[in-house]
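Letter by letter, the chains look like this.
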Amino acid sequence: MTLGAGRIRALLDDHGITPSRALGQNFLIDPNTSRRIAAASGAVVGDAVLEIGPGLGSLTLALAELGAEVTAVELDRHLVPVLREVVADADPPVRVVEADALEVDLDDLVSPGRRWRLAANLPYNVGTTIFLRVLQEAPAIAGGVVLVQREVAERIAARAGDDAYGIPSVKAAWWVHARVAGRVPASVFHPRPRVDSSFVTFERHDPPGDEQLRQRVFALVDAGFGQRRKMLRRSLVDHIEPGALEQAGIDPTRRAEELALDDWVRLAGA
Ligand code: SAM
């Protein structure tokens, strides 16, 4: 069983719920799209799936239909009881957790020792932050899918030199290989968002260094892109030793948007 437009509207009406813009509530009302996103997560029978922001359960039910064991983390306390009702008969059972994905201890939820995937139709305003937090805090998640605003999807998956390349591109690349896997029209959501959406699929790889190096790389990336139009020798002047750019084999007149992750890693080590 999946949720279509009629059922979503009925659930909202019956429970007197108005979708919250602040919480980025745009519910999937097209079962085919929910199934498409669930399939893109790569989850198969017996996998564990972390779903962030399950809302009324459109994607949750599509994931359960694949035979995945879903742990669904929802912040809105008004939606949680409705969600519990919707997934009550799901097989395998769905674990519903009322919590803020930006604060919850993901280590507790995503236990290592089994295959985990991530699947989420993320709230637009905090989508990137939640995605990067999950990558950092839940190493057991091997891959998955996130549905986000089209620009955010392009930013996450961009490579050095692409127009969309920025801080989330470099940070995501530390942990995963990500690609934009498809587009989703505004008509499959209720309420209809003003922006287009795309979904990003990703697979985790070994990071290029330890936690100390990661922190150094991320600090340099924040500083470099903080003044992205400036040459690196200026934007990073307070963050690196003189001569570090040359030592890392990077032309000091280049800009942050031209450096790939390995360049940042070399620079952080210089
Ligand atoms: N997954 C549902 C669907 O596809 O129909 C709803 C997706 S809706 C775009 C985003 C969901 O994330 C909403 O249910 C919202 O309440 C929830 N949400 C927003 N901020 C959150 C947070 N910090 N932690 C967990 N859930 C959050």
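See the structure printed just above.
For the structure given in this document, a descriptive report is provided here. (Residues numbered from 1 in each chain as written. Predicted model: local features only at pLDDT ≥ 70, side-chain atom pairs only at ≥ 80, totals over all residues. Heavy atoms only, no water.)

Focus on a negative patch on the surface
- On the surface, Asp105, Asp107, Asp108 and Glu137 cluster together into a patch of negative charge.
- With respect to the helices and strands, the residue Glu137 is situated in helix H6 (residues 127-137). (Patch = residues over 30% accessible without salt bridge, like charges linked within 9 Å, V, L, I, M, F, W, Y side chains within 5 Å. Areas by Shrake-Rupley, 256 points an atom, 1.4 Å probe, with all protein chains shown as cover. Salt bridge = Lys/Arg side-chain N within 4 Å of Asp/Glu carboxyl O. Lys, Arg positive; Asp, Glu negative; His and termini not counted. Charge placed at Lys NZ, Arg CZ, Asp CG, Glu CD. Helix = DSSP H or I, 4+ residues; strand = E, 2+ residues; numbered from the N terminus.)

Concerning the environment of Gly224
- The topology assignment puts Gly224 in helix H9 (residues 211-226).
- Separated by 95 residues in the primary sequence, Gly224 and Thr129 place their C-alpha atoms 19 Å from one another.
- Each residue touching Gly224, except ones within four places of it in the same chain, is listed here: Ser235, Leu236, Ala256 and Trp264. (Contact = heavy atoms within 4.5 Å.)

Structural notes on the layout of surface pockets
- Reported here for the largest pocket is a volume of approximately 410 Å³.
- Along its surface, the largest pocket is lined by 31 residues, and Leu23, Gly53, Glu74, Asn121 and Pro123 are the ones closest to its centre.
- Put simply, the parts of the chain that give the lining of the largest pocket at least two residues each are strand E1 (27-28), strand E2 (48-52), helix H3 (58-65) and strand E3 (69-74).
- By residue class, the composition of the lining of the largest pocket is 19 nonpolar, nine polar and three charged.
- As for the second largest pocket, its lining consists of 14 residues, of which Arg21, Asn26, Arg192, Pro193 and Arg194 are closest to the centre.
- Grouping the constituent residues of the lining of the second largest pocket by class yields five nonpolar, six polar and three charged. (1 Å grid on protein atoms, 1.4 Å probe; cavity = no way out; pocket = protein on both sides within 12 Å on 5 of 7 lines; lining within 4 Å. Points joined across faces, edges and corners; volume = space filled by probe spheres on them. Nonpolar A, V, L, I, M, F, W, Y, C, P; charged D, E, K, R; others polar.)

Comments concerning unusual backbone geometry
- With omega at 5°, the peptide bond leading from Asp91 into Pro92 counts as cis.
- Omega for the peptide link from His190 to Pro191 comes to -10°, which places this bond in the cis form.
- Note that Pro191 resides in the loop between strand E8 (189-190) and strand E9 (197-204).

With respect to the sheet that holds strand E5 (residues 116-121)
- Pairing in this open sheet of seven strands is mixed, and the strands run E4-E3-E2-E5-E6-E9-E7 from one edge to the other. The strands lining the two open edges of the sheet, one partner per strand, are strand E4 (95-98) and strand E7 (176-184). Going from strand to strand, the sheet's axes swing by 20° on average, the running direction of each strand aside.
- Across the face of the sheet, helix H8 (residues 167-175) comes into contact with E7 and E9 while running at roughly 120° to E7. (Pairing = 2+ DSSP bridges. Axes fitted to C-alpha atoms, helices over the stretch in contact; angles between N-to-C directions.)

Observations concerning the site of the ligand
- The ligand sits among 22 residues. The nearest are Leu28, Gly53, Glu74, Asp100 and Asn121.
- A distance of 3.4 Å separates an oxygen atom of the ligand from a polar atom in the backbone of Gly55.
- One can see that the ligand is located within the largest pocket.
- Elements supplying a minimum of two residues to the shell around the ligand: E1 and E3.
- For the shell around the ligand, the per-class residue count stands at eleven nonpolar, seven polar and four charged. (Near = heavy atom within 4 Å. Polar contact = N/O pair within 3.5 Å; in protein donor to acceptor, adjacent residues only side chain to side chain. Sits in = over half its atoms within 2 Å of the grid points.)

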